[in-house]
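Reading the structure
Here is how the chains run, residue by residue.
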Amino acid sequence: MDAITTIAAFMQKYDVIILGAGAAGLMCAARAGQRGLRVAVLEKAEKPGKKILISGGGRCNFTNVDAGPGNFLSANPHFAKSALARYRPRDFVALVEKHGIEWHEKTLGQLFCDGSAKQIVEMLLDECAQGSGQVDVICEADVTAVAKDGEMFGVSASGEHYAAPSLVIATGGPSIPKMGASDFAYNLARQFGLKVVEPRPALVPLTLGEDDVLFRELSGVSAPVQARAGSGKIKASFDEAALFTHKGLSGPVILQISSYWRHGEDVAINFLPHSDAEWLVQMKRNHPRAGIRKALSEHLPDRLADALSMKLSSGLGITTELGNVPDKVLRSAAEQLCDWRFCPNGTEGFAKAEVTIGGISTADLSSQTMEAKSVPGLYAIGEAVDVTGWLGGYNFQWAWASGAACGENL
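The rules behind each value
- Residues numbered from 1 in each chain as written.
- Predicted model: local features only at pLDDT ≥ 70, side-chain atom pairs only at ≥ 80, totals over all residues.
- Heavy atoms only, no water.
- Phe/Tyr/Trp six-rings, centres within 6.5 Å; stacked < 30°, edge-to-face > 60°.
- Helix = DSSP H or I, 4+ residues; strand = E, 2+ residues; numbered from the N terminus.
- Buried < 20%, exposed > 50% of the residue type's maximum accessible area, 1.4 Å probe, protein only.
- Lys NZ or Arg CZ within 6 Å of the ring centre and 35° of its normal.
- Salt bridge = Lys/Arg side-chain N within 4 Å of Asp/Glu carboxyl O.

1. Some thoughts on the packing of aromatic side chains
In this description, a pair of aromatic rings is defined by centroid distance and the angle of the planes. A complete count under the given rule lists 14 aromatic pairs for this structure. An angle of 85° between the planes, with centres 6.4 Å apart, marks the rings of Phe-72 and Tyr-394 as edge-to-face. Residue Phe-72 is located in strand β5 (residues 72-73), and its partner Tyr-394 is located in helix α13 (residues 394-407); the two are separated by 322 residues in the primary sequence. Summarising the burial analysis for this pair, Phe-72 and Tyr-394 share the class buried. When the centroid spacing of 6.4 Å and the interplanar angle of 65° are considered together, the rings of Phe-79 and Trp-398 count as edge-to-face. Residue Phe-79 is found in the loop between β5 and α3 (81-86), and its partner Trp-398 is found in helix α13; the two are separated by 319 residues along the sequence. By the burial criterion, Phe-79 is buried, and Trp-398 matches it. Put simply, the rings of Phe-72, Phe-238, Tyr-260, Trp-390 and Tyr-394 touch in pairs and so form one group of aromatic residues. Against the face of Tyr-14 rests Arg-38, its NZ or CZ located 4.2 Å from the ring centre. A cation over a ring is seen here: Lys-106 above Phe-112, with NZ or CZ 4.6 Å from the ring centre.

2. Looking at unusual backbone geometry
Of note, Glu-140 is a non-glycine position whose phi angle comes to about 55°, a positive value. When its relative accessible area of 55% is taken as the criterion, Glu-140 is described as exposed.

3. So, the pattern of salt bridges
Opposite charge on two side chains allows them to pair when their charged atoms are near. Enumeration over the complete set of coordinates arrives at 16 salt bridges. Salt-bridge contacts for Arg-216 lead to Glu-210; the nearest nitrogen and oxygen are separated by 3.6 Å. Judged by its relative accessible area of 60%, Glu-210 falls in the exposed class. When the shortest N-O distance is used, the salt bridge between Asp-266 and Arg-341 registers 4.0 Å. With Asp-266 in the loop between α8 (252-258) and β18 (267-270) and Arg-341 in strand β19 (residues 340-342), this pair connects stretches of sequence that are 75 residues apart. In this structure Asp-266 comes out as partly exposed when scored by relative accessible area, which is 34%. By relative accessible area, Arg-341 is classed as partly exposed at 47%. Via salt bridges that share partners, Arg-228, Asp-266, Asp-339 and Arg-341 belong to a single interconnected network.

Right, dumping it as structure tokens:
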């Protein structure tokens, strides 16, 4: 960033400058503007809310009815409690309904627009236009320098200069770089002495190595499974669909579990979460002439049944009719199917990640106001902060809650 020698030369004065016109930035701007503040929202892209527009297949999974602190990861799991308690999913639903936006609930508490994600962006911009303040959303504003002089922050962006006593970092993380995402927020935080928790891709497909090439050949096959990952206090289990790809594993359950997985660890898959340990033994009793492949195909897609039976045949020697296989071996097979271990060799990276885990350390921020403890007037909200939600509307709820908490305290 270019150096700024003085703030006095800045001609455009505001009460607050918000960097980023995404979900958190627009919510913060709306709340601040409605409190009578003059707000400049600087957005690098050509229009606001670009990630909102692509979310939920274009219908925006704008929140989750079950969103609470337990659905988020952070180095400090208690940090998000305050903001989430003060702005709940029902508060955002009330805002949606106030603007006449029709919505519906899908599985697992996920709420979507009946129409288009554009309605959410338009709603937020309408909210910015209300109240006694003034909110200027300035797009194609590429920030080249930020500095603080006394109680004032100065920002240079695309040849224009802005000054305000409050500055809000709402530029998100580096996930989905094709949308213009970058590590700008982290660099700016470090400039002001704030710590950054190591950022890494989250809600992202996992890749498999040559040892699992058989499963990579199942590209396009999907099945409902249970997935488990993580260690110590940072572990979780999810029940949703897994999708095999030519690179490895994807689908909702894998995206969920990826936030808990660390390089070098296993991911455990239960291919038959609704079957007990005796199901193969019972199958042997009822259909002694059936083979393992036949038994699996009654529960799983044919191609997946083929791959698993091939592995079991080579590993446990189940190469004949079930009636000829000892019960002990069948129980071992059932146990393996309920705890199948994959060791991913990586992820598909920030390019495919829906969000970023890690970010500006919550240890340096107030959970009440989102203000930096050591830099008066500096705030950080949304995905830029080390708070990451599950798949299914949770990250939007954090954006609304953190944005509202900040906007109400500027």
